[in-house]
Structure formats: C-alpha cells, structure tokens
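# Examining the three-dimensional arrangement
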Amino acid sequence: MGSYLNPGCKGFEESLNSAIYVDKTGLIEKVNAVVNTRQKYICVSRPRRFGKSMATDMLAAYYDQSVDTARLFDTLQIAKAETYQKYRNQYDVLKVNMQEFLSMTHSMDEMLAVFQKRMIADLKRGYPDYVMDGEDSLVFAMKDVYAHTKCPFIILIDEWDCLFREYKQDKEAQKKYLDFLRVWMKDQEYVALAYMTGILPIKKYGSHSALNMFTEYSMTNPREMAEFFGFTEEEVRALCATYKRNFEEAQAWYDGYELVAMDGENPKIYSMYSPKSVVDAMLSGLYDNYWNQTETYEALKIYIQMNFDGLKDAIVRMLAGDRVEINTGTFSNDMTTFQNRDDVLTLLVHLGYLSYHWMDKTVSIPNKEVSQEYVNAISTMDWHEVIDSVEASKNLLEALWMQDEEAVAAGIDKAHREISILQYNNENSLACTINLAFYFAREYYTIIREFPTGKGFADGFADAIMTQLCVGRHVFRGDNLYVFGACFIAREYSGEKKMEPFLYMDEDTIPVNITMQAYTNAKVQEIMLAKAGTPWYQVDYEVDLIADGEEELQIRVYHVRDKSTRTHILPMDGIQGRLDRKARIGLQIRFAG
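## Regarding the side chain of aspartate 255
- Along the chain, aspartate 255 turns up in the loop between α12 (247–254) and β8 (257–263).
- No salt bridge is formed by the buried aspartate 255; the nearest opposite charge belongs to arginine 237, separated by 8.5 Å.
- Excluding its chain neighbours within four sequence positions, the residues that come into contact with aspartate 255 are Glu233, Ala250, Ser271, Met272, Tyr273, Pro366 and Asn367.

If you want it as structure tokens, here you go:
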C-alpha cells in the first residue's frame, strides 16, 4: 500500500466503526456498470458535508487490489449485486485529494509539479521495475506500468474543484489545471474509471468543457446518483426511530433538497437531508445549525448582495417561503463569471444554499438550517426593511396568540408597505407578506401556504393528511387561519377599497345575526345579541331591558348566506310594572345543543 497508490481501506473502516453509518454501497453497483466502458468518466458535485469524501473512501476500499475487503462489504447492500465479486479488489487504485496539494503550494505550476512528483514516487515504490528512474511525466509512468501489468487504474479524485474556489480570478491557472487533467485521463488505456467529486460542476470555456468526456451528476441534474449523497427521508426516519428523536423537527431543520432521478419512464423525487447535520442532531439530541459551522455567512453574503436586477427580490421572496423560476443553462460553473441573477442563484444551488426543483425549474431555500444563514447574512447588510420584518415577527406572532387583530393587521400592513417586492396587490404578494411577517412562527408551526383543493381533495383530505404530516405540531389550517382575516384588514389600512366581511363557517357556527332594536345612549340602535360565525356553544348574551310601555319585543334574525331577515315577536302581557318603568326585564340568549 502507498499514500496514493492502493491506499487500503482505513478511511472506509473508520466510517463503518462510527456511531452512525448509513449504507450507501448501492453507489458501487452504479459505478461498476461503467468501469471499462466509454462512460467510465464520472464527476459528482454536491455541497460541503454531503458525504463525497466518504464515498471516495468506500470506492477505494472496494477496488483496491492490495487488500481483501470482503469482511467489510459482505454484509452490506452491494454484496447482493451481481457485479460484487467481479470487481471487488481487482484494480490498482490511485486516490488523491487535490486540496492537499493546493494547500502546500503557492502557484499552479508548483502544484502540478509536486502532484506529479508524489504520484510518480508512489508508482515507483509499487512498481520499481516498470517506472524509469528520473521519470517526471505522470502520464508516461502510468503508461509504462499498464504496459507490463495490463491492469488498468481506478482514479479517484476528491475536491477536484478546490482550485476554482482558491484561484477564483486566475483564468490562466484554471485553464492550465483543466488541460493537465484532460491530458492525464482522456483517451488513456490505463484508465478503467475516473471518478471525481467536488462542489462545482466542470468549468466551461465558451461553449465547450475542457473535460467533456465526463458524465456529470450535479445538484441540478443528479439522475441515478441522487440517493447516494445525503440521507434520504427513509434513512432519516429510521435514525430518528433508533435514537428516539422527533422526525418532524429533523424534517423542518434539514430537509428540502429535492433531487430527481428517473425510475423507468417516470421521475422519482428524493428528499435529501444534509448528513453531517442529521448525524450531529441524532447524537446530541439538539436540532441546530451544524452544516455551516466550518464557514461563516460571509460566503453567502458575497453573492446575495451582488448588483443584478431581480436578485434581491428573489431572495426576499424565497425567505418568505416562495419559489423562484430560474434558467441554469447560462451558468459557467465557476464562482466569478456571472451574467445575470440566475447565474448567482445557480451557484447557490451548487453550494447548498438553495434547492433546485427540476420539475418546475424553480429554486427555494431548503430548510430552517439554511434559512438561518440568510438571516445572519442579511442582518449585516443594508436590507434593513427585510431584517426589521423578520425581527418584528416575534412580536407579531405574540399579537396573533393574544388575538389582537389591530396589532396583527398593522404588522402585516407594515411589511406590505416597506418591502418593495411585496408591494404588488396580488395573491402571491399577499402570501409572501404573511410568510415573511410571520417568519418567527416557523419556530412553533409547520407553515403550509395552501391546501390542495378541487377534484380528488374533498371529503376531509386536509384533516387526514395533516394527521400524518404534522404529528405533535400546531398547524395554521385553511380558512381557519386568524391572520387571513387580518390581512384583509391590513389591505383596508393601506387605503384600498373596503372588503366584504369574511366569516369562517362550519357545522358548529351559527349562520345568522340575531339583533333587537332598543333606545340606548340617547338614540335607537340595533343591539347584537348573537353574531354569525360564532360557535353555537359560545353564544351567551344577557341584557336588562325596561319595557317603557311597549307591548312586545321584536327579535330580528338575519341569515348571512341568503341575506334574508325574519322578525320574531315576543309578547309582554302580564309583566308587572312594565308601564311605569318599575320592572326590569332580563333577556338571555343561548343555544341548546
């Protein structure tokens, strides 16, 4: 075994020995299918902490011919595959992490020189008779080894794109690096498989890629690799059951990355979770922001404050829970070349700050963990109206709990007036207003913008689905959302025309206004005895009357649905003292179940 040539299985063994290990060996079967084929070039791009390095360790342990790793894989999923024995421990593996060489050198030329020197030294130790003394070309060294062994190499490159994150502006260094990789791997007989992982897809130059032989599996087009990087929902449910953690909390904090693969002719959508965050939450029992602990919000801040038309509006809409349509096709796969808003948003998808929804070509902020990063970044920028709304949302939620409709209406109206993207008077803008104004409600509630309606969603669908989706959580449900009415009050406050009254009606609420006329406060007025929309069991109104010569009481019942009115007469014959104001008449209205 060497440092790079046939490094053994220590890294994978450490994963297996960890407190939490989720079996992702199904990836090996997918990779086996392309070994020694024209599709043998694979590039997988995912955000940080999504298990890329762990997968590289697993592949190295599986293919490395210097060790027998049957004991590690025989009980795992890959052991059931037809190709398991055929490819296990059958190849020379060359495994490298490019970040190691980037960190120890000061220029691209130095990095490539050190890289080749170290690879050749390992090849010389492994095959002293086949590598010439003084050889300084990695390509020639590998050609010579293969010519004698006829055993092709499995090349595994982790952090392949680190140079593009370090040398963001150095186009010449980037091109030189890509050219080296192309010469080293493209059309070489000694390559059985070239597998690279990183955060960014392969850099484009003009309309072409310098490494166009690679098949890419990215956050915007993951295909058959979708389920192998990150945890699936089923895997997180199993972990929550094992560690007795609340799955709904894990879902709110870490779900939201939507990756699509094809199952035959039909798309299959995976809800993927950040594995680093899920593992830390399971082991500690605390749901918190673990994914971004190694990087500050400054990285996000750089991109969301760029001066592109519509970028700020898009961020605000997504912070309010909306999705934004984008075109990912113009992205150049680097961190500096941006033509428009969509290029910036596409980069944020690859960095893990946004989720890409392939079915409708939109993006959104995936979960609570990532949403906090946006709030942290915005709090240090000049988006004062946005962060003020977020900070005010706690007080607004408390006003909602206290059923202070004026405070709720004023808070929503303030958000509607002060945030430019929320100025438009349409349903989507109003929904964004509510979501942003009640941002803090996410600490306590599952926010669902709108229930499905229409054919196929009747007969108690909402009640049935909520019992499954929101176990142990409070839910804002349909028209029974208190702030729904407050929003219409806010619209009135903003100067728009008066709205018709809106009432929530169900089988327990009365459909009528019950009133009577009486002389009070120096004038004849209509006294409300019971109001439409009130639950029947809450109607309990009492009033004292002085008849003052009246022979009867007239009770009016107004039906709000058909707008009809009926008058009921209550005669007062035989009541002592009613003519000379000596008797008070107590009137009480209640409903009997």
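## What to know about the packing of aromatic side chains
- All told, the structure shown has 25 aromatic pairs when counted by the stated rule.
- Ring centres 4.9 Å apart and planes at 10 degrees place the aromatic pair phenylalanine 12 and phenylalanine 73 in the stacked group. Placement of phenylalanine 12 in helix α1 (residues 10–17) and of phenylalanine 73 in helix α4 (residues 70–73) is noted, with a sequence separation of 61 residues between them. Per residue, the accessibility class of phenylalanine 12 equals that of phenylalanine 73, and both read buried.
- An angle of 70 degrees between the planes, with centres 5.3 Å apart, marks the rings of tryptophan 291 and tyrosine 353 as edge-to-face. Linking tryptophan 291 in the loop between α13 (275–284) and α14 (298–304) with tyrosine 353 in the loop between α16 (341–351) and β11 (355–357), this pair joins segments that are 62 residues apart in sequence.

## Comments concerning the confidence of the model for the protein chain
- Residues with a pLDDT of 70 or more make up 83% of the protein chain, whose mean pLDDT is 85.
- Across the protein chain, strand β3 (residues 153–158) holds the top mean pLDDT of 98, while helix α22 (residues 482–493) sits lowest at 53.

## Focus: the pattern of salt bridges
- Throughout the structure, instances matching the rule amount to 22 salt bridges.
- Between aspartate 179 and lysine 175 there is a salt bridge, with the nearest N and O atoms lying 3.3 Å from each other. Here aspartate 179 and its partner lysine 175 are both found in helix α10 (residues 171–185), four residues apart, which amounts to about one turn of the helix.
- Taking relative accessible area as the criterion, lysine 175 reaches 39% and is therefore assigned partly exposed.

## Quick word on the sheet that holds strand β18 (residues 552–559)
- In space, the four strands of this open sheet follow the order β16-β15-β18-β19, with antiparallel pairing throughout. Every other strand in the sheet has two partners, leaving β16 (523–530) and β19 (565–571) as the edge strands with one partner each. The mean angle between the axes of side-by-side strands here comes to 30 degrees, regardless of whether they run parallel or antiparallel.
- One ladder, built from five bridges, connects strand β15 (residues 512–520) with β18; its direction is antiparallel. The residue bridging valine 512 from the neighbouring strand is histidine 559, located in β18.

## Section: the nonpolar core
- The biggest cluster of nonpolar side chains holds 99 residues, and the ones touching the most others in it are Trp160, Trp184, Met185, Leu345 and Tyr374.
- Discounting chain neighbours no more than four positions away, the residues touching tyrosine 374 are Leu300, Ile304, Ile315, Leu319, Leu348, Tyr353, Leu354 and Ile365.
- By size, the runner-up hydrophobic cluster in this structure holds 34 residues, among which are Tyr62, Ile78, Ile154 and Leu156.

## Points about α12
- Three or more residues of α12 are buried, namely Phe247, Glu248, Ala250, Trp253 and Tyr254.
- The N-terminus of α12 is capped by asparagine 246, whose side-chain oxygen sits 2.9 Å from the backbone nitrogen of glutamate 248.

## Focus on α16
- Within α16, 11 of the 11 residues are buried, which leaves the element mostly enclosed by the surrounding structure.
- The backbone nitrogen of aspartate 342 lies 3.1 Å from a side-chain oxygen of the residue at the head of α16, namely asparagine 340.

## Here we look at unusual backbone geometry
- The phi dihedral of asparagine 36 is positive, around 60 degrees, even though this residue is not glycine.
- Of the residues examined, asparagine 36 reaches a relative accessible area of 47% and is grouped as partly exposed.
- Phi at arginine 223 is positive, roughly 50 degrees, even though this residue is not glycine.
- Topologically, arginine 223 is positioned in the loop between β7 (215–217) and α11 (233–243).
- Overall, the relative accessible area of 27% leaves arginine 223 in the partly exposed class.

## Side note on the sheet that holds strand β12 (residues 362–364)
- Taken in spatial order, the three strands make up an open sheet running β10-β12-β11, and their pairing is antiparallel. Lying at the two open borders of the sheet, with one neighbouring strand each, are β10 (324–325) and β11.
- Where β10 meets β12, two bridges bridge the pair, whose relative direction is antiparallel. Looking across to β12, one finds that valine 324 is bridged to valine 363.

## So, the environment of leucine 112
- Following the sequence through the fold, leucine 112 ends up in helix α7 (residues 108–126).
- Exposure remark for leucine 112: the relative accessible area of 10% places this residue in the buried category.
- Distance from leucine 112 to phenylalanine 101, taken between C-alpha atoms, is 8.2 Å for residues 11 residues apart in sequence.
- Not counting chain neighbours up to four residues away, the residues in contact with leucine 112 comprise Lys176, Tyr177 and Phe180.

## Things to note about the environment of phenylalanine 12
- Note on phenylalanine 12: relative accessible area 1%, which makes it buried.
- On a C-alpha basis, the gap between phenylalanine 12 and tyrosine 62 in space is 9.3 Å, while along the polypeptide they are 50 residues apart.
- For phenylalanine 12, the contacting residues outside a window of four places in its chain are Tyr21, Asp57, Met58, Ala61, Leu72, Phe73 and Leu76.

## A short note on the packing of α11 against α12
- Contact pair α11 / α12: the axes reach a minimum separation of 9 Å and the direction vectors enclose 135 degrees. In terms of orientation, α11 and α12 fall into the oblique class. By crossing handedness, the relation of α11 to α12 is classed as right-handed. Together, Glu233, Val236, Arg237 and Cys240 of α11 and Phe247, Ala250 and Gln251 of α12 make up the contact between the two elements.

## Focus: the packing of helix α15 (residues 311–319) against α16
- Running from amino to carboxyl end, α15 crosses α16 at an angle of 40 degrees, the nearest separation of the two axes being 9 Å. Comparing their axes, α16 and α15 come out oblique. Every residue of α16 that contacts α15 at Leu311, Ala314, Ile315 and Met318 is listed here: Arg341, Val344 and Leu345.
- Across the contact of α15 with α16, the residue classes break down as six nonpolar, no polar and one charged.

About the cut-offs
Residues numbered from 1 in each chain as written. Predicted model: local features only at pLDDT ≥ 70, side-chain atom pairs only at ≥ 80, totals over all residues. Heavy atoms only, no water. Helix = DSSP H or I, 4+ residues; strand = E, 2+ residues; numbered from the N terminus. Buried < 20%, exposed > 50% of the residue type's maximum accessible area, 1.4 Å probe, protein only. Lys, Arg positive; Asp, Glu negative; His and termini not counted. Salt bridge = Lys/Arg side-chain N within 4 Å of Asp/Glu carboxyl O. Contact = heavy atoms within 4.5 Å. Phe/Tyr/Trp six-rings, centres within 6.5 Å; stacked < 30°, edge-to-face > 60°. pLDDT = per-residue confidence, 0-100. Pairing = 2+ DSSP bridges. Axes fitted to C-alpha atoms, helices over the stretch in contact; angles between N-to-C directions. Core = buried A, V, L, I, M, F, W, Y, C linked by side-chain atoms within 4.5 Å. Polar contact = N/O pair within 3.5 Å; in protein donor to acceptor, adjacent residues only side chain to side chain. Parallel < 35°, antiparallel > 145°, perpendicular 65-115°, else oblique. Left-handed = near helix turned anticlockwise from the far one by under 90°. Nonpolar A, V, L, I, M, F, W, Y, C, P; charged D, E, K, R; others polar.

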